[in-house]
Amino acid sequence: MAEMINIALPKGRLGKAAYKLLEKSGYDCPTAMEDGRKLVFENKEKKVRYFWVKPSDVAIYVERGAADVGIVGKDILMEYQPDIYELMDLGLGKCKVAVAGKKGTFYPKERTLKVATKFGNIAREYYRSKGVEADIIHLNGSIELAPILGLSDVIVDIVETGTTLRENNLEVLSEVAGVSARLVANKAIYQFKREQIETMVKELGNFVEV
Ligand code: PRP
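All figures in this text were calculated on a predicted structure; none of them were measured in a lab. Throughout this document, residue positions are counted from 1 along each chain, in the order its sequence is written. Under the rules for a predicted model, residues below a pLDDT of 70 receive no local features and side-chain atom pairs below 80 are neither given nor counted, while totals for whole chains, interfaces and linings still include all residues. Excluded from the side-chain calculations are hydrogens and water; all other atoms, namely the structure's heavy atoms, are used.

Peer 1: Which parts of the structure should I look at to understand the overall build of the chain?
Peer 2: Per the convention used, a helix needs a DSSP run of H or I reaching at least four residues, while a strand needs a run of E reaching at least two, with both numbered from the N terminus. Assigned secondary structure in the chain consists of eight helices and eleven strands. When the backbone C-alpha atoms are referred to their principal axes, the chain occupies close to 65 × 35 × 30 Å. Burial status follows relative accessibility: with a 1.4 Å probe on protein chains alone, a residue under 20% of its type maximum counts as buried, one over 50% as exposed, and anything between as partly exposed. Residues counted as buried form 45% of the 210 residues belonging to the chain. Residues are treated as being in contact if the distance between any of their heavy atoms lies within 4.5 Å. When contacts within the chain are restricted to residue pairs at least 6 apart in sequence, those whose partners lie at least 24 apart make up 69%. Put simply, the chain shows about 11,500 Å² of open surface, and 49% of that area lies on carbon and sulfur atoms. Each accessible area is a Shrake-Rupley result for a 1.4 Å probe, and residues are judged covered by the shown protein chains and nothing else.

Peer 1: Got a minute to help me understand the sheet that holds strand β10 (residues 170-179) in this structure?
Peer 2: Strand pairing in a sheet relies on backbone hydrogen bonds, with the paired strands running either antiparallel or parallel. For two strands to count as paired, DSSP must find a minimum of two bridges between them. Ordered by their spatial adjacency, five strands build an open sheet running β8-β7-β9-β6-β10, and the pairing between neighbours is mixed. Either end of the sheet is taken by a strand with one partner, and the two such strands are β8 (134-138) and β10. For this sheet, the mean inter-axis angle between neighbouring strands, taken without regard to orientation, is 30 degrees. With three bridges connecting them, strand β7 (residues 113-117) and strand β9 (residues 154-159) associate as parallel partners. Each residue of the ladder has a partner; that of V115, found in β9, is V154. Strand contacts of helix α4 (residues 120-130): β6 (95-102), β7, β8, β9 and β10, with the helix running at about 150 degrees to β7, the strand carrying the most contacts. A fitted line through C-alpha atoms serves as each axis, taken over the contacting stretch for helices, and the angle formed by two N-to-C directions is quoted from 0 to 180°.

In structure tokens form, the structure reads like this:
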């Protein structure tokens, strides 16, 4: 008898889109989309159990085996490098990690570049690869405020539609990486539930447009 598959979904727009894809692929659990404060939902017949977690926590649940599989942005995988399998690109939540700043910003020559970001590792690695000395200032949100208030010269952040940058008179200065949502799996659990997880990958593959 097949066991339940435990799936960590990121709360928010990306998670809802990912759930819709899973639903189309035969892993429906209608209660999962109900409004409310409940966090765990299951459909015994389809052998799926969903958890809604903070997007940046999905990889932690999967890495530690609290969830078998999960949906997570490539940006989070690049930043935290969790020890998990990246099984497929779901083609959802396409955006980019970019360097942005005030229009016409150029790199200061006489001092270290100040970079505000919630992606400290991505930013550090990016500037290391360019041979630029950078002072990374870690923020948790509203990153765009940093160059406006002079806290930093530039930011490294997610740009999706570009609206946030435009509305704050900022612009993309360079692109760091393209990102999208990935299906990931816990390494040990993947061995135990290989058949079930591979079936899921195949079924999702019928609906994914990368
Ligand atoms: C993200 C990101 C940008 C914005 C980009 O923020 O940090 O601020 O979305 O999207 P856009 O290009 O479509 O405007 P999020 O909404 O996650 O909130 P945060 O500021 O708390 O990080």
